Amino acid sequence: MRRPSGLVGLLLADKPTGATSHDVVSWARTRLGDVPSGHAGTLDPLASGLRPLLVRPATRLVPYLHDWPKTYVGVVLLGLETETGDLDGVDLAGFVPPPLPPRAVLEAAAARLTGRQMQIPPVYSAKKIGGTPAHELARHGRPPVLPAVEVTVHRLRFLPAGRGRLAFAARVSSGTYIRSLARDLGRLLGTGACLAALRRTAIGPLRARGATPARAEATSEALLAALLPPEAIPLPLPVVRLDEGGADRFRGGREVEGDPAGLCGPARVLGPDARMEGIGEIGEGGRLAPRVVLRGGVAGVGRAESGNFVVAEGAGPL
């Protein structure tokens, strides 16, 4: 199948348990061509769920997705704290789980773990120490002491799931480790705990429901049909529209004059054809400066001496 040369956008992939995040990137590249891609959040091999992939120039939008909160569901096993924070390589033969705590105790623990807090990442994580991932140091017998980082747990709920297991749902800030949440729960309860299962169901407004399963039988046609164009990515930014002269200037990396209607800061920029040109910064005096350009190299760049933008009606996420 011939793939469009102008391929650009966002693919919502559903990563299966056992696959690495890199496996999902390779799966997409095999079907879309060897295109540059970026992502908005990796997942451990034992986790499943939403793995957004940004293709070609859309990779420049990654910083605008990283701040979105992430939503997870999963299972915590009580009675066991592991080095990795999960059950990777753990033999549960002969393991006897402790009794489940009363509901009131679980609710109190969830309340303690909710809100802004300092969290210590797992030793087996991608956090870098002097340029080396912490998990590599740990696997070579030199587990580092990782500093605590500030995270926010927006919502957290636990429910009994039988034989020492708790089902949970969590909505957390970017950078929060669910394995660390499980570890900290076990320490609060005095039983020890680790993550037994994990699925990411959402990143901000993006949902795993409807994402394309990253399986071998997926076709190139299916991925092309599922690829969201940049203008369909629900970035939480006001929208401004450029006329042809303004779009020409924006693509060439030059400021555009306009009527910002009191707006200031980043904005999604659409051209006269309603396609997304990129992200601009509205500064004082109503000038729009390019920050991310998605459609560069357009004929005529360098000749347009005028151009304008207007704030679109209903400015906001599309």
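**Observations concerning the overall build of the protein**
Thinking step 1. Each helix and strand counted, the protein has seven helices and 18 strands in total.
Thinking step 2. Burial analysis of the protein (318 residues in total) assigns 47% to the buried set.
Thinking step 3. By element, 52% of the accessible surface of the protein is carried by carbon and sulfur atoms, the whole surface being about 15,300 Å².

**Quick notes on the environment of Ala 28**
Thinking step 1. Within the secondary structure, Ala 28 is located in helix α1 (residues 21–32).
Thinking step 2. Sequence-wise, Ala 28 and Thr 219 are 191 residues apart; in three dimensions their C-alpha atoms are separated by 9.8 Å.
Thinking step 3. When neighbours within four sequence positions are excluded, Ala 28 is seen to be in contact with Leu 11, Gly 33, Leu 53 and Leu 223.

**Topic: the nonpolar core**
Thinking step 1. Of all hydrophobic cores here, the largest spans 24 residues; its most connected members are Phe 168, Ile 178 and Leu 185.
Thinking step 2. Residue assignment for this core shows that the elements contributing at least two residues are β4 (70–78), α3 (103–112), β8 (149–160), β9 (165–172), α5 (178–189) and β10 (193–203).
Thinking step 3. If sequence neighbours within four positions are ignored, Phe 168 has contacts with Tyr 72, Val 73, Gly 74, Val 75, Val 76, Arg 157, Phe 158, Ile 178, Leu 195, Ala 197 and Leu 198.
Thinking step 4. Leu 12, Leu 50, Leu 61 and Ala 211 belong to the second-largest nonpolar core, a separate cluster that totals 23 residues.

**Side note on the environment of Arg 171**
Thinking step 1. Mapped onto the secondary structure, Arg 171 falls in strand β9.
Thinking step 2. As a C-alpha pair, Arg 171 and Arg 155 span 16 residues in sequence and 5.0 Å in three-dimensional space.
Thinking step 3. Ignoring anything within four residues of it in the chain, the contact list for Arg 171 reads Pro 69, Lys 70, Thr 71, Val 153, His 154 and Arg 155.

**Things to note about the pattern of salt bridges**
Thinking step 1. Scanning the entire structure with this criterion turns up 11 salt bridges.
Thinking step 2. Between Arg 199 and Asp 14 there is a salt bridge, with its nearest N and O atoms 2.7 Å apart. With Arg 199 in strand β10 and Asp 14 in strand β1 (residues 9–15), this residue pair connects regions lying 185 residues apart in the sequence.
Thinking step 3. Judged by its relative accessible area of 15%, Asp 14 falls in the buried class.
Thinking step 4. Here Arg 251 and Glu 277 are joined by a salt bridge, their closest N and O atoms 2.8 Å apart.

**Some remarks on the pairing of β4**
Thinking step 1. Judged by how many residues are buried, β4 sits mostly within the fold: seven of nine residues are covered.
Thinking step 2. Relative to β9, β4 runs antiparallel, the two being bridged by eight bridges. Following the sheet pairing, Val 75 is matched in β9 by Ala 167.
Thinking step 3. The pairing of β4 with β10 spans nine bridges and is antiparallel. Bridged to Val 75 within β10 is Ala 197.

**With respect to unusual backbone geometry**
Note: most residues except glycine have negative phi, and most peptide bonds are trans.
Thinking step 1. A positive phi angle, close to 45°, is found at Arg 163, a residue other than glycine.
Thinking step 2. By the secondary structure assignment, Arg 163 is in the loop between β8 and β9.
Thinking step 3. Here Ala 274, not a glycine, exhibits a phi torsion of approximately 70°, which is positive.
Thinking step 4. Inspection of the secondary structure assignment puts Ala 274 in the loop between β15 (265–270) and β16 (276–282).

**A look at α3**
Thinking step 1. Three or more residues of α3 are buried, namely Leu 106, Ala 109 and Ala 110. Down the axis, α3 shows its buried residues gathered within 100° of arc, on one side only. Residues of α3 that are exposed and point more than 90 degrees away from the buried face comprise Ala 104, Glu 107, Ala 111 and Arg 112.
Thinking step 2. In this structure, the buried side of α3 is in contact with β8, β9 and α5.

Rules of the game
- Residues numbered from 1 in each chain as written.
- Predicted model: local features only at pLDDT ≥ 70, side-chain atom pairs only at ≥ 80, totals over all residues.
- Heavy atoms only, no water.
- Helix = DSSP H or I, 4+ residues; strand = E, 2+ residues; numbered from the N terminus.
- Buried < 20%, exposed > 50% of the residue type's maximum accessible area, 1.4 Å probe, protein only.
- Areas by Shrake-Rupley, 256 points an atom, 1.4 Å probe, with all protein chains shown as cover.
- Contact = heavy atoms within 4.5 Å.
- Core = buried A, V, L, I, M, F, W, Y, C linked by side-chain atoms within 4.5 Å.
- Salt bridge = Lys/Arg side-chain N within 4 Å of Asp/Glu carboxyl O.
- Pairing = 2+ DSSP bridges.
- Arc of directions from axis to C-beta.

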